[in-house]
Amino acid sequence: MKIGVLGAGQLGRMLAISGYPLNHQFGFSGNSIDEPSALLGHMFALEDNKDNIESLVAFADVITYESENTDIAIIKEISKNVVVYPGEKSLFTTQHRGREKALFDQLNIPCAPYQMVNSEADLKAAVEKISLPAILKTATDGYDGKGQFLMRDESQITEAWQSMNGVESILEGFVNFKRELSLIAVRGIDNDHRYYPLVENTHHNGILRLTIAPAQDIDPVVQTTAEHYMQTLLDEMGHVGVLTIELFETEDGLVVNEMAPRVHNSGHWSIEGANTSQFENHVRAITGMSLGDTTPVHNFSAMVNIIGKTGPTNIVLKMPNAHLHLYDKTERADRKLGHINIMASTQTELDESIEKLKDFLP
Ligand code: AMP
């Protein structure tokens, strides 16, 4: 099939790399030949250029997208002529933190207490309801911890609201978590569901730096509970494709933070680490193919992000159990330029391998 991707970044690039062996072709919306997906398929410029949206639609048998920040109006328009997976409900819900939290509430999925905020007065009232510490976040368009303000004291109300630049925001109670986890799953058009194991994520300045897969010492009940939340969400949204949920593990159980209707940075380990990667499974799902087995291939996998500077990649190439993935991007502070996947049989081998890559970690 011909797969049209809205976006042309590293996620599109890795979708294409996994999709060609299945005999699919790819087209991307993007304005520059410098984008990570540019050399992996047809490029269709999109912004302000309706003709080229039409060209992408004419090219594609199915359309998918790289980001939950994709304009819903474009999806509505495109959907008249070609199927879009994940569908409108998944995108509409996940691109707004308030709608996402309302769905968690409706489905009895635990999440942090929250209040929507549209003014400084709203923020003051929300702080009284939720109490501090709390995090103020823009309702839409946030990523990698951007558009967030950690409030510790009521004296910060004016400063916090000003930092939101007047856009609709959400105040969330601060969750005292033990660690951050994520669950990636895929649902096919035929309602088949597959789950990857829970993984453990370490962030620095809001950016994911390290994923350990599977997360260690996970009580099977915790995995089952996370899968139950996931299944409820997949079914409620009629989701087709990969869905990711980010969770906090707390003393009192799991608390869901947010979700993404797409392949996710915390699933990059699955390229060499699982029988079928998240990318291949997303491609299989949206093209109506049977889903692939999600079982990890190795006892331990890890993913180290390459952020800002490409760094000493020769170290990686000399390691027998490491795989280098670069996205053909120029260096810039905080930019995701690539990642390294590590495969290990023992915890010691995993720890030693991560230690060898310490130049890539903050
Ligand atoms: P997010 O953009 O919602 O994924 O937030 C980025 C990071 O901020 C998360 O990975 C957490 O480390 C932290 N964070 C976000 N929301 C909360 C919360 N309600 N309580 C504690 N930490 C949070």
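Scroll up a little and you will see the structure.
Just so it is clear, the structure is predicted and the values come from calculations on it, not from any experiment.

Q: What is the right way to read the overall build of the protein from this model?
A: Of regular secondary structure, the protein possesses twelve helices and 18 strands. Against the globule reference of 21 Å for 362 residues, the protein gives a C-alpha radius of gyration of 20 Å, in line with a compact fold. Put simply, the protein has 362 residues, and 56% of those count as buried. Taking the intrachain contacts of the protein between residues at least 6 apart in sequence as the baseline, contacts between residues at least 24 apart amount to 62%. Of the roughly 15800 Å² of accessible surface on the protein, 47% is carried by carbon and sulfur atoms. Averaging the coordinates of the 29 positive side-chain charges in the protein and doing the same for the 49 negative ones gives two points 3 Å apart.

Q: Any chance you could explain the sheet that holds strand E8 (residues 148-151) here in plain terms?
A: Strand-to-strand pairing in sheets goes through backbone hydrogen bonds, with the strands running parallel or antiparallel. Strands sit in the order E6-E9-E7-E8 across an open sheet of four strands; the sheet is antiparallel. The open sheet has two free edges, formed respectively by strand E6 (114-117) and E8, since each of these has just one partner strand. Along the sheet, successive strands turn relative to each other by an average axial angle of 20°, direction set aside. Together, E6, strand E7 (134-138), E8 and strand E9 (169-173) form the strand contacts of helix H5 (residues 97-106), whose direction differs from that of E9 by roughly 45°. With respect to the sheet, helix H6 (residues 120-130) is in contact with E6, E7, E8 and E9, its orientation differing from that of E6 by roughly 175°.

Q: Quick question: what am I supposed to make of the pattern of salt bridges here?
A: One side chain can pair with another of opposite charge once the charged atoms of both are near each other. The tally for this structure, following the rule as stated, stands at 14 salt bridges. For Glu-258, the salt bridge goes to Arg-97, with nearest N and O atoms at 2.9 Å. Linking Glu-258 in strand E15 (residues 253-260) with Arg-97 in helix H5, this pair joins segments that are 161 residues apart in sequence. Owing to a relative accessible area of 8%, Arg-97 belongs among the buried residues under this scheme. Of the charged contacts in the structure, one is a salt bridge between Lys-101 and Glu-172, with a shortest N-O distance of 2.9 Å.

Q: Could you clarify how one ought to interpret the environment of Gln-223 in this entry?
A: With respect to the helices and strands, the residue Gln-223 is situated in helix H8 (residues 220-237). A relative accessible area of 16% places Gln-223 in the buried class. Distance in space between the C-alpha atoms of Gln-223 and Gln-115 is 29 Å, their sequence separation being 108 residues. Once you skip the residues sitting within four places of it in the chain, Gln-223 turns out to touch Leu-183, Tyr-196, Pro-197, Leu-198 and Ile-218. Polar contacts involving the side chain of Gln-223 include one to the side chain of Glu-227, which spans 2.8 Å.

Q: Would you mind showing me how to read the sheet that holds strand E5 (residues 83-84) here?
A: In spatial order, the strands read E3-E2-E1-E4-E5; together these five strands make up an open sheet with parallel pairing. Either end of the sheet is taken by a strand with one partner, and the two such strands are strand E3 (42-44) and E5. Relative to E5, strand E4 (residues 62-65) runs parallel, the two sharing two bridges. When the bridges of E5 are listed, Ile-63 appears paired with Val-84. Across the sheet, helix H1 (residues 10-19) touches strand E1 (2-6), strand E2 (25-29) and E4, and the angle it forms with E2 is around 170°.

The rules behind these values
Residues numbered from 1 in each chain as written. Predicted model: local features only at pLDDT ≥ 70, side-chain atom pairs only at ≥ 80, totals over all residues. Heavy atoms only, no water. Helix = DSSP H or I, 4+ residues; strand = E, 2+ residues; numbered from the N terminus. Rg over C-alpha atoms; globule rule 2.2 N^0.38 Å. Buried < 20%, exposed > 50% of the residue type's maximum accessible area, 1.4 Å probe, protein only. Contact = heavy atoms within 4.5 Å. Areas by Shrake-Rupley, 256 points an atom, 1.4 Å probe, with all protein chains shown as cover. Lys, Arg positive; Asp, Glu negative; His and termini not counted. Charge placed at Lys NZ, Arg CZ, Asp CG, Glu CD. Pairing = 2+ DSSP bridges. Axes fitted to C-alpha atoms, helices over the stretch in contact; angles between N-to-C directions. Salt bridge = Lys/Arg side-chain N within 4 Å of Asp/Glu carboxyl O. Polar contact = N/O pair within 3.5 Å; in protein donor to acceptor, adjacent residues only side chain to side chain.

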